[in-house]
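Residue-level listing of the chains:
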Amino acid sequence: MLSLQHISKYYQTGGNKTFVLNDLSLDIDQGEFVSIMGPSGSGKSTLLNIIGMLDEPTSGYHYFMDQPVHQLKEKQRSALYKQYIGFVFQAYHLIDELTVLENIETPLIYQNIKGAERKALVADMLDRFNIVGKKDLFPAQLSGGQQQLVGIARALIGKPKLLLADEPTGNLNSKQGEEIMELFKKINKEDGVTIIQVTHSEKNAEYGSRIINLLDGRIESTTTL
Amino acid sequence: MIFLYITNEFSVDSFHQKGKNIYRVMRGYDATKARVPYLSGPYGPALLNDYPKDIKKAVRVMPTQALITLGNNSFNEKNVYAVDPSFFELFSFGLIKGNVSSVLKDPHSIVLTETTAKKYFGSTDPVGKVIEMDKSLQLKVTGVVRDVPSNSHLNFTMVMPITNYTNEEWFTKWRNNNEFVYVELNEGVNPAQLEKQFPTFMDKYMGKDLAQMHAHFDLALTPLKDIYFEESSSFDNVKHGDKKVVYIFLSIAVLILVIACINFMNLATLRAVERSKEVGLRKVLGAMRNSLIGQFIGESVLLTLIACVFAIALLLLIMPWYNGLLGYSLAISWNSPAIYLFLLGVILFVGFLAGSYPAFFLSSFTPIQALKGKLQLGKGGAFFRQALVVVQFSISVFLIISTIMIKKQMSFVKSKDLGYSKEQTIVVPINNGDIYNNRISFKNELMAHSNVESVAMMSGEPGGYYDRHSFEVEGQHETYNARTEFADFEYVKTLGLKIVAGRDFSPKFATDTTGSVLINETAAQQLGFTPAQAVGKWIIDNMRDSNRRHIVGVVKDFNFLSLKENMDALVISPAEDSRVAVIKLKPGNVTAGLNIIKQAYTKAAPAYPMEYTFLDQKFDTTYKADLRQQTILSVFSGLAIFIACLGLFGLASFTAGKRTKEIGVRKVLGSSVQNILILLSGDMLKPVLVATVIAIPLGYYSADKWLQNFAYRTPMHWWVFGLAAIITFGIAIFTVSFQSLKAALANPVKSLRSE
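The shown structure was predicted, so the numbers you read here are calculated from the model rather than taken from an experiment.

J.: Would you explain the overall build of chain B in this entry?
T.: A tally of helices and strands in chain B yields 26 helices and 21 strands. Each of the 755 residues in chain B was classed as buried or not, and the buried ones make up 50%. The long-range fraction of contacts in chain B, counting pairs at least 24 apart against all pairs at least 6 apart in sequence, stands at 79%. Surface summary for chain B: the accessible area is close to 34800 Å², and the carbon and sulfur share equals 60%.

J.: Just checking my understanding: could you explain the overall build of chain A for this structure?
T.: Each helix and strand counted, chain A has seven helices and ten strands in total. Taken across its 225 residues, chain A has 53% of its residues classed as buried. For chain A, the accessible surface area stands at approximately 10500 Å², while carbon and sulfur atoms represent 47% of it.

J.: Looking at this structure, how should I read the interface of chain B and chain A?
T.: Frequently, the measure chosen for interface size is the accessible area that the parts lose on association. Every contact between the two is made by 15 residues of chain B and, on the other side, 19 residues of chain A. Summing both sides of the interface, chain B and chain A together bury roughly 1700 Å²; the carbon and sulfur share of this comes to 58%. By the criterion of area lost to chain A, the three top residues of chain B are Arg666(B), Val668(B) and Leu669(B), representing 34% of everything that side buries. Counting across the interface, chain B meets chain A through zero salt bridges. Applying the counting rule to chain B against chain A returns two residue pairs in polar contact (both at pLDDT 80 or more). Going through the elements one at a time, helix H23 (660-668) and helix H26 (748-752) of chain B are the ones with two or more residues in the side of chain B that touches chain A.

J.: Sorry, what's going on with the sheet that holds strand E10 (residues 218-224) of chain A here?
T.: In any sheet, the strands associate via hydrogen bonds between backbone groups, in a parallel or an antiparallel arrangement. All names here are of chain A. The strand order across the open sheet formed by six strands is E6-E7-E8-E3-E9-E10, and the pairing between neighbours is mixed. Both edges of this open sheet fall to strand E6 (85-88) and E10, since each of them pairs with a single strand only. Shown here is a sheet whose adjacent strand axes are inclined to one another by a mean of 20°, direction ignored. Pairing of strand E3 (residues 33-37) with strand E8 (residues 194-198) involves four bridges; the strand directions are parallel. Bridging from a neighbouring strand, phenylalanine 33 pairs with isoleucine 195 of E8. In the packing of helix H2 (residues 74-84) onto the sheet, contacts are made with E6 and strand E7 (162-166), and the angle to E6 comes to roughly 75°. Lying over the sheet, helix H6 (residues 174-191) contacts E3, E6, E7 and E8, oriented at roughly 150° with respect to E8.

J.: Looking at this model, I keep getting lost on the pattern of salt bridges. Mind explaining?
T.: If charged atoms from side chains of opposite charge come close, those side chains can pair. Residues and elements named next belong to chain B. Throughout the structure, instances matching the rule amount to 19 salt bridges over all chains. Here aspartate 84 makes a salt bridge to arginine 60, at a shortest N to O gap of 2.9 Å. Here aspartate 84, found in the loop between strand E3 (73-83) and helix H3 (87-90), pairs with arginine 60, found in strand E2 (residues 55-70); they are 24 residues apart in sequence, far enough to count as distant. We note that aspartate 84, like arginine 60, is buried. Its salt-bridge partner being glutamate 490, residue lysine 443 comes within 2.5 Å of it at the nearest N-O pair. Pair noted here: lysine 443 is in helix H15 (residues 439-447) and glutamate 490 is in the loop between strand E14 (480-486) and helix H16 (491-495), with a separation of 47 residues, a long-range link.

J.: Could you clarify how one ought to interpret the sheet that holds strand E5 (residues 67-68) of chain A in this entry?
T.: All names here are of chain A. Taken in spatial order, the four strands make up an open sheet running E2-E1-E4-E5, and their pairing is antiparallel. Of all strands in the sheet, those with a lone pairing partner are strand E2 (16-28) and E5, marking the two edges. Bridge analysis of strand E4 (residues 59-64) against E5 gives two bridges, and the strand direction is antiparallel. Within E5, the residue paired with tyrosine 63 across the bridge is proline 68.

J.: Looking at this structure, I do not really get the packing of aromatic side chains. What am I missing?
T.: What characterises a pair of aromatic rings is the spacing of the ring centres plus the angle enclosed by the ring planes. Residue and element names in this part refer to chain B. Within this structure, the stated rule accounts for 21 aromatic pairs over all chains. Aromatic pair tyrosine 420 and phenylalanine 558: ring centres 6.0 Å apart, planes at 85°, arrangement edge-to-face. With a gap of 138 residues between them, tyrosine 420 in the loop between helix H13 (379-415) and strand E11 (425-429) and phenylalanine 558 in the loop between strand E18 (549-555) and strand E19 (570-573) connect regions that are remote in the sequence. Neither tyrosine 420 nor phenylalanine 558 differs from the other in exposure class; each is buried. Three or more aromatic residues joined by ring pairs make a cluster, and in this case those are Tyr81, Phe87, Phe88, Phe91, Phe156, Phe180 and Tyr182. Over the aromatic face of phenylalanine 529 sits the side chain of lysine 537, whose NZ or CZ is 4.9 Å from the ring centroid. Positioned above the aromatic ring of tryptophan 538, the side-chain terminus of arginine 548 is 3.8 Å from the ring centre.

J.: Please clarify how the packing of helix H24 (residues 673-707) of chain B against helix H25 (residues 718-745) of chain B should be interpreted in this entry.
T.: For any two helices packed against each other, one specifies the crossing angle of their axes together with the interaxial distance. Residues and elements named next belong to chain B. Contact pair H24 / H25: the axes reach a minimum separation of 8 Å and the direction vectors enclose 155°. The angle between H24 and H25 places the two elements in the roughly antiparallel class. As for the relative orientation of H24 and H25, their crossing is right-handed in sense. Of the residues that constitute the contact of H24 with H25, the class distribution is 20 nonpolar, six polar and no charged.

Thresholds applied
- Residues numbered from 1 in each chain as written.
- Chains lettered and ligands numbered in written order.
- Predicted model: local features only at pLDDT ≥ 70, side-chain atom pairs only at ≥ 80, totals over all residues.
- Heavy atoms only, no water.
- Helix = DSSP H or I, 4+ residues; strand = E, 2+ residues; numbered from the N terminus.
- Buried < 20%, exposed > 50% of the residue type's maximum accessible area, 1.4 Å probe, protein only.
- Contact = heavy atoms within 4.5 Å.
- Areas by Shrake-Rupley, 256 points an atom, 1.4 Å probe, with all protein chains shown as cover.
- Buried area = accessible area lost by both parts, 1.4 Å probe.
- Salt bridge = Lys/Arg side-chain N within 4 Å of Asp/Glu carboxyl O.
- Polar contact = N/O pair within 3.5 Å; in protein donor to acceptor, adjacent residues only side chain to side chain.
- Pairing = 2+ DSSP bridges.
- Axes fitted to C-alpha atoms, helices over the stretch in contact; angles between N-to-C directions.
- Phe/Tyr/Trp six-rings, centres within 6.5 Å; stacked < 30°, edge-to-face > 60°.
- Lys NZ or Arg CZ within 6 Å of the ring centre and 35° of its normal.
- Parallel < 35°, antiparallel > 145°, perpendicular 65-115°, else oblique.
- Left-handed = near helix turned anticlockwise from the far one by under 90°.
- Nonpolar A, V, L, I, M, F, W, Y, C, P; charged D, E, K, R; others polar.

Quick look at the structure:
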């Protein structure tokens, strides 16, 4: 489903190139649950952003769903990730001015789905995550765990094939984190959604089927569980 | 700048030391019309003679123009005042040379203003020199007076004793109104009491004349300081101001200041968020709330002070242009305390006003909140800011509407079919003895030329002077009042008027000169005739004629008065009262035509330089005040919009900054750049929309008020308001979209980077 070949990303600082990703190659199949680990500055987030097409590599080849992403135009890329990719953030990044319901609905608006259909899809999602009672609350009125739940619901509403999560449990306590991880596992198993998560926690990484360790922009080791 | 203008307007004539006891005698001739200041020669002495207890002094001022010759040079001086010798005792114009009480004692004396003295004599001392007036009077310069300040309703370049004319026959007639009379009342005299005695006075001297003219005159006194703002009738050529214009100015200045203050408050509050760390730190370090408030207000006052310094520099730079706009020169009196007091007042007031909200707002943070930098501007605050933006844009839209309406009315006035042809037509005033005496040969000379279509001598060109006389008309019991025009037989032809009934004057009818008149449709209608019925009826001008004349024709109504006035009845008589020559050229070379006229003029009046105007330029002079208002309003509404947009720009950049995160999220969720743009701009434009809705009725109301000045009004189309709204929106969108676009194009990864 996803193939990165010889991906490099560097910044020109003075005469030197500072590599964030250095000639990295990676293949991920449909249905995998991949955990990316590594110390700070090893390029985890950049890698995730490149996979999510939010960022562009300096060089290399990037294929997603058999499409050469590196050759696509901005608009086509945008259309591609809008359709297939969902994002979950460490800081949740919910829109403060919108209610839970509206937050979950937002991606559908941008996919030009009709109002009635949107309502139905959102209702399903609220039901599935057991947050029907909270649909009219604003993000500030929710706990961190609940906010992340909404974040995940929002990421899944567009029925993505790939879910990208950047330290989804980073701001949560361990119990909340466990619940989120269980949810990820369930989504991966039951819905067949491919998940790539960046994490610092060994324990959370083990929920995945493969762990990739990054160091200085290269893959240091890969562990398949 | 506006302050200068306003103080100037309100200080008119306040410099006269005896000002509070000086009154101008006004004559009323028709209860429905404004009084006119012109009186005849005998009034002044008679008033002084009859009311010695009340009136201390009576000074006659006769504005005139004269040809002044010195050696081989002749100048046509337009503002010559012939006055009673005590003129300079009554008015404090400030003589530099000469004695206030004796300077005009000798009939053969004259007083020049500084500038005039320089013009004639350069730097040599003019006192004792002799100049010649109208090629007949030898006048010796006996004094020099300071230039007339711009805040004086009287405006002259030279002053001569009126005693040169007092023995002339025309001067001694009660009927010949051509001068002003100013009286100084004794201390403690009530002018209202004095006014009550005037009817007897009029009866005593003019009873017979008035009865003969079927007219009724009454007299009134206007205090000196009120003359300037008096309702200016077109029969009063002293300087007048319009209170309305002054108030318009004042309100525009206040509005602009309000807009600017709002900006400052808004931006300062927004900057508060950036400065919250500073505030937090200061608080942690032990600053009290009061000292913080002091700090912010101090900053704001300081800023205003700096702005003031810039403003003064700017003022000095653009002063010449501003004077051009106002039409006269303003003097900045740097040594009067008023201006400093005003500046100080503005600095403190604006500084405090603009600084207060941010000061109280900022200092109310708890230090922890502030230090975290996670400052939430409350919903109330947001609402307040939006309300301020609404106020700003209401003002802007209002000003735009006003500007468009004035512009529209002006172009309406300009393009309106006035009923006469004004193209290729030159107006030459007959304003000196030579040209008056030779006017017939002047006319014949011109008529002989192939370039000249026709020439008519008349008492007033369209837009000019039309005296009001009373008539007796066949079938009317009461005297009938109408405007008069005295012209020769070429009148209708030269102005291209249409005859709707009867015929034009014609030399074929021997009796036309003494026995015929033309009237306009309005006159016919007021007399209760159809145009056809009116022809053949007799009419007597009570003031001029003793014989009946017959109406030979009716001309189609044409706008002989300014469009501010309604169509009035007009009686055109072929009689002698030539004040202007109107010359219509054949289509083609105007310059050549003008040269022909100049040659003929030089032949007729060799000593005088020819003056002329084009009839189609009359527009500019008639509506000078309105055109000026238009310019001023355009400039200031532009300024207002600009300032309001600066504020909006600031607000937009702040909002865009605050919402970076949200924009990032939305982009990641698949929003396109357009979507973000619409979202952000829409939010920002909502207050502008509300403002437009508020401003439109206000604009409608005031435009309607202003249009009441005109008898002929342009319709107020809805598109005016639409246009104003579109202009405002256009500018606002332009302003906002710049920031929105920047925000929308930003890479979401940057804004979402985990903190």
